[in-house]
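These are the residues of each chain, in order.
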Amino acid sequence: MKDTTCNACMGSWPRQDHLITDLGLSKVYLHDDQFFPGWTVVVFQRHATELFQLASTERFQLIEEVNRVAMTLAEVYQARKMNYELLGNQVPHIHWHVIPRLADDPAAMEPVWRVPHRSVLLSGSVLQNTIDRLAHALRMIG
Ligand SMILES: [Zn+2]
């Protein structure tokens, strides 16, 4: 079921040209802002706002999909630590921010939201190459 008032259900967020792959219960997108390289968003494919609204089998599969993304990003970006954020305050539709935190992270002790920075927006071949690289890695590692 889609909620017509929900940006995630209606496909206006995340940007459709940032789609990396479809894992089954979720779709994986490269986050608009790549200040933290590899920042990815895993979006549940139907409308739900809370984990407890899912059947336990869905929850299990969904966390496996999030885990698959995290393992892939950790390897591709040689992450020192992975961050997982399931908030939904701005877009109340289940989605995880999965963020590799790298050795040269400017604020390794802070959540990304607390780090003031200019957004790094990828476009053209740089965007496409990043998406292709992650889609390929997800097929290999997952
Ligand atoms: Zn929704």
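Preceding this paragraph is the structure being described.
This one's a predicted model, so the numbers in the text were calculated from it and none came from an experiment.

*Asks:* Give me the coordination of the zinc ion: which residues, what numbers.
*Replies:* Coordination of the zinc ion by the protein involves C6 (SG), C9 (SG), H47 (ND1) and H93 (ND1), with metal-donor separations of 2.0 to 2.3 Å. Because the angles between the 4 donor atoms bound to the zinc ion fall within 103 to 117°, the donor set is best described as tetrahedral. Spacing between the donor residues of the zinc ion along the chain follows C-x2-C-x37-H-x45-H. Remark: H47 occurs in the loop between β3 (40-44) and α1 (56-77) and C6 occurs in the segment before β1 (19-22); sequence separation between them is 41 residues. Classification of C6 by relative accessible area gives buried; the value is 6%. Owing to a relative accessible area of 22%, H47 belongs among the partly exposed residues under this scheme.

*Asks:* Residues and numbers for the environment of I20, please.
*Replies:* On the secondary structure map, I20 appears in strand β1. Judged by its relative accessible area of 9%, I20 falls in the buried class. Here the alpha-carbon distance between I20 and R133, two residues 113 residues apart in the chain, equals 9.1 Å. When neighbours within four sequence positions are excluded, I20 is seen to be in contact with V28, Y29, L30, T40, I131, L134, A135 and L138.

*Asks:* Account for the packing of aromatic side chains, with residues named and values stated.
*Replies:* Tallied over the full model, the rule gives 3 aromatic pairs. Note on F35 and F36: the rings are 5.1 Å apart at their centroids and 85° apart in plane angle, and the pair reads as edge-to-face. A relative accessible area of 27% places F35 in the partly exposed class. What links up through ring pairs into an aromatic cluster is the set F35, F36, W39 and W113. The lysine or arginine in question, R133, covers the ring of Y77, its NZ or CZ lying 5.6 Å from the ring centre.

*Asks:* Can you lay out unusual backbone geometry for me, pointing to particular residues and giving the numbers?
*Replies:* In this model, W13 is joined to P14 through a cis peptide bond whose omega is -10°. By secondary structure assignment, the location of P14 is in the segment before β1. Within the chain, Q78 stands out as a residue other than glycine whose phi angle is a positive 50°. Here Q78 shows up in the loop between α1 and β4 (81-85).

*Asks:* An account of the sheet that holds β3 is requested, with residue identities and associated values reported.
*Replies:* Taken in spatial order, the 5 strands line up as β1-β2-β3-β5-β4 in an open sheet, and their pairing is antiparallel. The open sheet is flanked by β1 and β4, the only strands paired with a single partner. When the angles between neighbouring strand axes are averaged without regard to direction, this sheet yields 20°. Two strands pair when backbone bridges link them, and β4 and strand β5 (residues 95-101) are joined in this way by 5 bridges, in the antiparallel orientation. When the bridges of β5 are listed, Y84 appears paired with V98. The sheet contacts of α1 involve β2 (26-30), β3, β4 and β5, and relative to β5 the element is tilted by about 25°. Sheet strands touched by helix α2 (residues 124-141): β1, β2 and β3. Its angle to β1, the strand with the most contacts, is close to 20°.

*Asks:* Residue-level account of α2, with values.
*Replies:* Between its terminal C-alpha atoms α2 stretches 26 Å, which fits the 26 Å expected from 18 residues at 1.5 Å a residue. L127, T130, I131, L134, A135, A137 and L138 are the residues of α2 that are buried. Angular distribution of buried residues about the axis of α2 spans 165°; they occupy a single face of the element. Opposite the buried face of α2, by more than 90 degrees, sit the exposed residues G124, S125, R139 and M140.

Rules used in this analysis
- Residues numbered from 1 in each chain as written.
- Predicted model: local features only at pLDDT ≥ 70, side-chain atom pairs only at ≥ 80, totals over all residues.
- Heavy atoms only, no water.
- Donors = N, O, S within 2.8 Å, 3.2 Å for Na, K, Ca; no water.
- Tetrahedral: all angles 85-135°; square planar, octahedral: opposite > 155°, others 65-115°.
- Helix = DSSP H or I, 4+ residues; strand = E, 2+ residues; numbered from the N terminus.
- Buried < 20%, exposed > 50% of the residue type's maximum accessible area, 1.4 Å probe, protein only.
- Contact = heavy atoms within 4.5 Å.
- Phe/Tyr/Trp six-rings, centres within 6.5 Å; stacked < 30°, edge-to-face > 60°.
- Lys NZ or Arg CZ within 6 Å of the ring centre and 35° of its normal.
- Pairing = 2+ DSSP bridges.
- Axes fitted to C-alpha atoms, helices over the stretch in contact; angles between N-to-C directions.
- Expected span 1.5 Å × (residues − 1).
- Arc of directions from axis to C-beta.

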